[in-house]
Amino acid sequence: MASSGAGATGDKYTCAEDGFGDCPCHTAEATRPPTIPKELKSLKVTIEPGSAKYFCTCGESKSFPFCDGSHRAYNAANGTSFVPTKVEVAEGEEPKDVWACQCGHSKKRPFCDGSHKKVKAVGAAGAGTA
Ligand code: FES
């Protein structure tokens, strides 16, 4: 599913370097950015042995970057097939740290690739606040 350019998903953020045209927010097929971007930084999540975390790929979760089940209603309304990305650590393994994307610009969503360093918040007057 492709998004449709400025305003569709980038109403709070824009790329400081690339602009909307090349921004993964507007080109990624497998994930949608959060409809309400939270932070211009990643979130470190530790997954303990014998447990799993589910990361949102549909962008609709109220608990972003974690899945809250909102993809089901979004899929039904839009004919899409988003599912969360599961990260699991088996019993007996070491805890695993992952860094979740919260800005929506990562090319590796739902994981951070450092792209938040290239984007800036856009204020009401369009002024960047990176
Ligand atoms: S709420 Fe987005 S993938 Fe589940």
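Draft legend 1. Spatial organisation of the overall build of the chain. For the chain, the count of helices and strands is 1 helix and 6 strands. Sequence-ordered secondary structure for the chain, helices as α and strands as β, is β-β-β-α-β-β-β. Here the chain holds 130 residues, and 32% of them are scored as buried. Restricting to contacts in the chain with at least 6 residues of sequence separation, those with at least 24 account for 59%.

Draft legend 2. Geometry of the confidence of the model for the chain. Here the chain averages 74 in pLDDT, while 66% of its residues score no lower than 70. Of the regions scoring below 50 in pLDDT, residues 1–13 engages in 32 contacts with residues more than four places distant in sequence or in other chains.

Draft legend 3. Structural detail: the environment of Phe66. Structurally, the position occupied by Phe66 is in the loop between strand S3 (51–55) and helix H1 (70–78). Here Phe66 falls in the partly exposed class, since 16 other C-beta atoms lie within 10 Å of it. Distance in space between the C-alpha atoms of Phe66 and Thr85 is 9.2 Å, their sequence separation being 19 residues.

Draft legend 4. Spotlight on the environment of Lys108. In this structure, Lys108 sits in the loop between strand S5 (96–100) and strand S6 (119–121). Here the alpha-carbon distance between Lys108 and Thr31, two residues 77 residues apart in the chain, equals 9.1 Å.

The rules we used
Residues numbered from 1 in each chain as written. Predicted model: local features only at pLDDT ≥ 70, side-chain atom pairs only at ≥ 80, totals over all residues. Helix = DSSP H or I, 4+ residues; strand = E, 2+ residues; numbered from the N terminus. Buried ≥ 20, exposed ≤ 12 C-beta atoms within 10 Å, placed from the backbone. Contact = placed C-beta atoms within 7 Å. pLDDT = per-residue confidence, 0-100.

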